[in-house]
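What follows is the residue order along each chain.
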Amino acid sequence: MDAIEAAQVLSEIGYLLRQDPKEKFRAQAFSTAAWSLAVERPDLATLHSRNELTSMEGVGAGIAKVLAELLETGKSRYLDRLREEMKQPARDDESMLDFADYKGDIHSHTKWSDGKATMLEMARGAEAMGYRYLGVTDHSPRIKVVNGLNADRLLAQSREMAEVQAQVPGVSLLQGIEVDILEDGSLDLPDMVLELLDVVIASPHVKLRQEPAAMTERMLRAVSHPHVDVIGHPTGRRPGSREGATYDYEAVFKEAARNKVALELDCDPARMDLSPEMARLALELGCNFALDADAHAPAEFAYVPMGMWMARRAGIPKEKIMNFRPLEALTMVAK
Ligand SMILES: [Zn+2]
Ligand SMILES: [Zn+2]
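Each value, and the rule that gives it
- Residues numbered from 1 in each chain as written.
- Chains lettered and ligands numbered in written order.
- Predicted model: local features only at pLDDT ≥ 70, side-chain atom pairs only at ≥ 80, totals over all residues.
- Heavy atoms only, no water.
- Helix = DSSP H or I, 4+ residues; strand = E, 2+ residues; numbered from the N terminus.
- Rg over C-alpha atoms; globule rule 2.2 N^0.38 Å.
- Contact = heavy atoms within 4.5 Å.
- Lys, Arg positive; Asp, Glu negative; His and termini not counted.
- Charge placed at Lys NZ, Arg CZ, Asp CG, Glu CD.
- Donors = N, O, S within 2.8 Å, 3.2 Å for Na, K, Ca; no water.
- Tetrahedral: all angles 85-135°; square planar, octahedral: opposite > 155°, others 65-115°.
- Buried < 20%, exposed > 50% of the residue type's maximum accessible area, 1.4 Å probe, protein only.
- Phe/Tyr/Trp six-rings, centres within 6.5 Å; stacked < 30°, edge-to-face > 60°.

A.B. asks: How should the overall build of the protein be read in this particular structure?
C.D. replies: Helices and strands together make up the secondary structure of the protein, namely 14 helices and seven strands. Scaling as 2.2 N^0.38, a compact globule of 335 residues should have a C-alpha radius of gyration of about 20 Å, and the protein matches this with 19 Å. In terms of principal-axis extent, the alpha carbons of the protein reach across some 60 × 45 × 35 Å. Considering only contacts within the protein whose residues lie at least 6 apart along the sequence, 75% involve residues at least 24 apart. Here the protein contributes 40 positively and 53 negatively charged side chains, and the mean placements of these two sets differ by 3 Å.

A.B. asks: For this particular structure, what's the right way to read the coordination of the zinc ion (ligand 2)?
C.D. replies: Working reference: metal with six octahedral donors, ideal angles 90 or 180 degrees; metal with four tetrahedral donors, ideal angle 109.5 degrees. Coordination of the zinc ion (ligand 2) by the protein comes from His107 (NE2), His109 (NE2), Glu178 (OE) and Asp294 (OD), over a distance range of 2.0 to 2.2 Å. Note that the zinc ion (ligand 2) binds four donor atoms; their angles at the metal cover 84 to 172°, and the shape is irregular. All donors of the zinc ion (ligand 2) belong to a single chain; written as a sequence motif, their spacing is H-x1-H-x68-E-x115-D. Between the two metal centres, the zinc ion (ligand 2) and the zinc ion (ligand 1), the spacing is 3.5 Å, with Glu178 acting as a shared donor. Pair noted here: His109 is in the loop between β1 (104–105) and α6 (119–128) and Asp294 is in the loop between β7 (289–292) and α12 (303–307), with a separation of 185 residues, a long-range link. Accessibility assignment for this pair places His109 and Asp294 in one class, buried.

A.B. asks: Is there a simple way to think about the packing of aromatic side chains in this case?
C.D. replies: Both the distance between ring centres and the angle between the ring planes are used here to describe each pair of aromatic rings. The final tally for this structure, using the stated rule, is ten aromatic pairs. Ring geometry for Tyr15 and Trp309: centres 5.2 Å apart, planes at 55°, overall tilted. Taken together, the residues Tyr15 in helix α1 (residues 3–18) and Trp309 in helix α13 (residues 309–313) connect sequence positions 294 residues apart. The exposure class of Trp309 is buried, given its relative accessible area of 4%. On the basis of an interplanar angle of 25° and a centroid distance of 5.5 Å, the ring pair of Phe99 and Tyr102 is categorised as stacked. Since its relative accessible area comes to 4%, Tyr102 is described here as buried.

A.B. asks: So what exactly am I meant to see when it comes to the coordination of the zinc ion (ligand 1) here?
C.D. replies: Every protein donor of the zinc ion (ligand 1) is listed here as Glu178 (OE), His205 (NE2) and His233 (NE2), and their distances to the metal cover 2.1 to 2.2 Å. Between consecutive donor residues of the zinc ion (ligand 1), the sequence gaps follow E-x26-H-x27-H. Classification of His205 by relative accessible area gives buried; the value is 16%.

Nothing here speaks to function; it is all geometry.
Written as structure tokens, this is what we have:
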């Protein structure tokens, strides 16, 4: 049991606890410990043998107990119990995904919109993760509070990207956008701008409580757009605090599969969207996926190694996840 596998167990425990508002703080403690494991990647066996698991940041006695059991038996009875209580079915078809095969994250933010780090810091962060590519996908203009990018600012951003690319040659930078899906399903930037970008992630951010028929129309229009590569956090939910949008998931996922638009598993612990259950439905309907951190700072890239359990529980094989493909094979590059 290495640190990344353990991080995934703690992350799933945090996720299950999050469904119960009374467990909010315990849920956060597990998610934070998972994150710290995924960032630091400590040698857990050595720490355990020295009785020093609690020396790690965010690891108190309760979490150390879970880790000790994991190291000794490879299992967590606490997780098993939570799964049972939360009616999470036992799965004998979980996929084996190895973070070592993950090639790059395609959804990230910089100070160009609401990120906390510069593009150079994010590129260096991706390099430190061993990534071959990074999609820089800041917000579109409609999200005014975060200073979304219009065509002029995208052009300016592309100049900075060329400079950063020269400084971080090992990570191919993809210029993209996280474009808002407007209420009627149209996108927040004109086609002539979108077609120039390497990655277009279309995401629902506002008016998520639209009535289901209108929301279905809105999402169908977004997945039918010729320049959209990925639907970001497809429901907009925030486990424990905000329900996601309700729409005809089956119809939208089918159309996404038909148009080769990938659905995202956003690994931010505040989102975890699509959920494993919804991702399983999408897989059955033939969809492809993107597995991203939606990082707003370099340390948040570690959301992927800690959140990968979602894709495993959904049974998604790595062939169906674009981030496991080399850059040349990313279909969106050709789109
Ligand atoms: Zn978003
Ligand atoms: Zn985002």
